[in-house]
Each structure stands twice: as structure tokens, then as C-alpha cells.
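Working through the structure, step by step
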Amino acid sequence: MNQEIADYRREINVLKSELFEAALQNEMAEANARLFQDAADRAIHRASDIENKLTLQIDILSALIKVGDLKTASLMVADWEAAQ
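Remember, predicted model here, so these are calculated numbers, not experimental data.

Attention now moves to helix 1 (residues 2-66). Taking 1.5 Å as the rise per residue, helix 1 with 65 residues should run 96 Å; its terminal C-alpha atoms sit 95 Å apart, in good agreement. In the segment just after helix 1, Gly68 is the residue with positive phi, at about 85°.

What follows is the structure, given as C-alpha cells:
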């Protein structure tokens, strides 16, 4: 009987240890998921900023062409090409 109780206690301790390890792995996975989500959010925000900047530059270029300021428009295009 005492041996059975000791065996059950050892099994309980093993199961507690496995449960603790699983909980730690779960916390680490959740923390990693939050880090990846934050990185993805920053990348989306950065892409949106770049898109807004490009849209503004294209709008300015279009306006310059419409008013006939081809010299300034050409300089803008040259600056874009130089930045590539």
C-alpha cells in the first residue's frame, strides 16, 4: 500500500512537472506571437507610410505636369531615379 502511494506521488510529481513545462512553453509561444504581431503591425504601418509618401509625390508630379512645369517635374523624376 505504501509503495502504491509512493508510486502515485511520483507519477503526480512527473505530471506536475510536465504541466509546468507545457505552461512555460505556452507562455513563450504567446510572447513570441505578440512579438511577431508587433513586428507585422510596424511593417504594415511602414508600408502605409511609404504608400502615402509615394501617392503624395505622384500627385505633386501630376500637378506639375498639368500646369506645364515640366522642368520641375523632370527634376523630381531625376531625384527619384537617383534615389534608386
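So, next bit.
The next point concerns the pattern of salt bridges. Here the structure, examined in full by the defined rule, presents one salt bridge. Taking the shortest distance from any N to any O, the salt bridge between Asp7 and Arg10 comes out at 2.4 Å. One end of the pair, Asp7, and the other, Arg10, are both in helix 1, three residues apart, so they sit about a helical turn from each other. Accessibility expressed as a relative area gives 36% for Asp7, which makes it partly exposed. Judged by its relative accessible area of 46%, Arg10 falls in the partly exposed class.

On to the packing of helix 1 against helix 2 (residues 70-83), then. Orientation of helix 1 relative to helix 2, taken along the N-to-C sense of each, is 150°, at an axis distance of 8 Å. When the interaxial angle is binned, helix 1 and helix 2 end up roughly antiparallel. Helix 2 is crossed by helix 1, and the crossing has left-handed handedness. Of the residues in helix 2, those touching helix 1 at Gln57, Ile58, Ile60, Leu61, Leu64 and Ile65 are Leu70, Thr72, Ala73, Met76, Val77 and Trp80.

Among the surface-exposed residues, Ile50, Leu54 and Ile58 lie close enough to one another that they form a single nonpolar patch of about 260 Å² accessible area. Structurally, Ile50 can be placed in helix 1. With relative accessibility at 39%, the residue Ile50 sits in the partly exposed group.

Calculation notes
- Residues numbered from 1 in each chain as written.
- Predicted model: local features only at pLDDT ≥ 70, side-chain atom pairs only at ≥ 80, totals over all residues.
- Heavy atoms only, no water.
- Helix = DSSP H or I, 4+ residues; strand = E, 2+ residues; numbered from the N terminus.
- Expected span 1.5 Å × (residues − 1).
- Salt bridge = Lys/Arg side-chain N within 4 Å of Asp/Glu carboxyl O.
- Buried < 20%, exposed > 50% of the residue type's maximum accessible area, 1.4 Å probe, protein only.
- Axes fitted to C-alpha atoms, helices over the stretch in contact; angles between N-to-C directions.
- Parallel < 35°, antiparallel > 145°, perpendicular 65-115°, else oblique.
- Left-handed = near helix turned anticlockwise from the far one by under 90°.
- Contact = heavy atoms within 4.5 Å.
- Patch = residues over 30% accessible without salt bridge, like charges linked within 9 Å, V, L, I, M, F, W, Y side chains within 5 Å.
- Areas by Shrake-Rupley, 256 points an atom, 1.4 Å probe, with all protein chains shown as cover.

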